[in-house]
Amino acid sequence: MNGEVHVGSLGDGHLSVTLAAPDRANALTAGLVSELTDALIGATREPGVRSVTLRGDGRHFCGGFDLSSMGAQDDETVAHRFLGVQRLLETVGTLPVLTIASVHGAAYGAGADLALSCDVRLGTGGARFAFPGYRFDVALGTARLVDTVGRTRALDVLMSGRPVDAPEALDIGILTELVSDESELESAAQRWRNSADRLETASLERLLGNVRFAGHDAAYAALSRSAARPGLAERITEYANSVKS
């Protein structure tokens, strides 16, 4: 563990899990992805846990796939990193507890996919989402976005690669609820925790299993095919340079 994930108790079987790398907008390095996956699995194995609220420290929720060291990585390494992100998304999407994303600032790329993996997405007016994966031909999170917002809206968001602001995110279903400011995120999350507490554990797990995204195997296969295309590291490096310029 490198200390970039903090797990805390919110009392009565409810946990917070915080991405704690604010100096790089909580971008997903291989280490952070591994630490977050292990933390989520470990925390929800504890008896009596009923919800996890996922947060980002600093100004942003999660800046997505970390691009800072791309020049030193080959295709195989980058593909393995993306498969690690897919495992993280599947882990979040299948936890036996209610999952809540508390979003402020940017949730971009894999960070947007991470938020979408949660059952409930709460956001402030400053929350914004982007899904630029097809700019470098990586099919991460596509099916989940379609499942959430519908085919036509997903096509628009994915083809344009444009940021989706908070009001639009609420309108199309990326956000479950929009609050006025960060101080309201916790009270909104607490309302959802209270709802979870009204259900017996077995009933809550059954409900979550019946309403969640079920296409994990197909999503993994689509990502694997796209990541296997030669030139992955070069494509992402070119994208990263275009964003900087």
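Below you will find a few notes about this structure. (Residues numbered from 1 in each chain as written. Predicted model: local features only at pLDDT ≥ 70, side-chain atom pairs only at ≥ 80, totals over all residues. Heavy atoms only, no water.)

**Digging into the pairing of strand 2 (residues 14-19)**
Most of strand 2 sits out of view: six of its six residues are buried. Of the two faces of strand 2, the one carrying His14, Ser16 and Thr18 and the one carrying Leu15, Val17 and Leu19 are both buried. Sheet topology note: the strand 1 (residues 5-11)/strand 2 ladder contains six bridges and is antiparallel. Bridge pairing in strand 2 places Gly11 opposite His14. Between strand 1 and strand 2, which follow one another and run antiparallel, lie two residues, and Asp12 among them has a positive phi close to 55°. Pairing of strand 2 with strand 3 (residues 51-56) involves six bridges; the strand directions are parallel. Note that in strand 3 the partner of Ser16 across the bridge is Thr53. With respect to chirality, the unit in which strand 2 leads through helix 1 (residues 30-44) into the neighbouring parallel strand 3 is right-handed. (Buried < 20%, exposed > 50% of the residue type's maximum accessible area, 1.4 Å probe, protein only. Helix = DSSP H or I, 4+ residues; strand = E, 2+ residues; numbered from the N terminus. Pairing = 2+ DSSP bridges. Right-handed = clockwise from strand over helix to strand, strands pointing away.)

**Some details on the pattern of salt bridges**
Here the idea is simple: oppositely charged side chains can pair when their charged atoms come close. Tallying each qualifying case throughout the model produces ten salt bridges. The salt bridge involving Asp171 is made with Arg153; its shortest N-O contact spans 3.8 Å. Linking Asp171 in helix 6 (residues 166-172) with Arg153 in helix 5 (residues 151-160), this pair joins segments that are 18 residues apart in sequence. Classification of Asp171 as exposed rests on a relative accessible area of 54%. Of the charged contacts in the structure, one is a salt bridge between Glu177 and Arg191, with a shortest N-O distance of 2.4 Å. On the criterion of sequence distance, the pair formed by Glu177 in strand 9 (residues 177-178) and Arg191 in helix 7 (residues 182-197) is long-range, its members being 14 residues apart. The class for Arg191 is partly exposed, based on a relative accessible area of 43%. Here the residues in one salt-bridge network are Arg55, Glu186 and Arg193, joined through shared partners. (Salt bridge = Lys/Arg side-chain N within 4 Å of Asp/Glu carboxyl O.)

**Looking at helix 10 (residues 232-244)**
Taking 1.5 Å per residue as the helical rise, helix 10 with its 13 residues ought to reach 18 Å, and the 19 Å between its terminal C-alpha atoms agrees with that figure. For helix 10, every residue scored as buried is listed here: Leu232, Ala233, Arg235, Ile236, Tyr239 and Ala240. The buried residues of helix 10 occupy an angular sector of 160° when the element is viewed end-on, so they sit on one face. Counted as exposed and oriented over 90 degrees from the buried face of helix 10: Glu234 and Lys244. Residues of helix 10 that are buried sit in contact with helix 2 (75-94) and helix 9 (216-227). (Expected span 1.5 Å × (residues − 1). Arc of directions from axis to C-beta. Contact = heavy atoms within 4.5 Å.)

**Some words on the sheet that holds strand 8 (residues 164-165)**
Backbone hydrogen bonds are what pair the strands of a sheet, in a parallel or an antiparallel way. Reading across from one edge, 5-7-8 is the order of the three strands in this open sheet, with mixed pairing throughout. Sheet topology places strand 5 (106-108) and strand 8 at the edges, where each strand pairs with a single neighbour. Relative to strand 8, strand 7 (residues 128-130) runs antiparallel, the two being bridged by two bridges. What sits directly across from Arg128, in strand 8, is Asp165.

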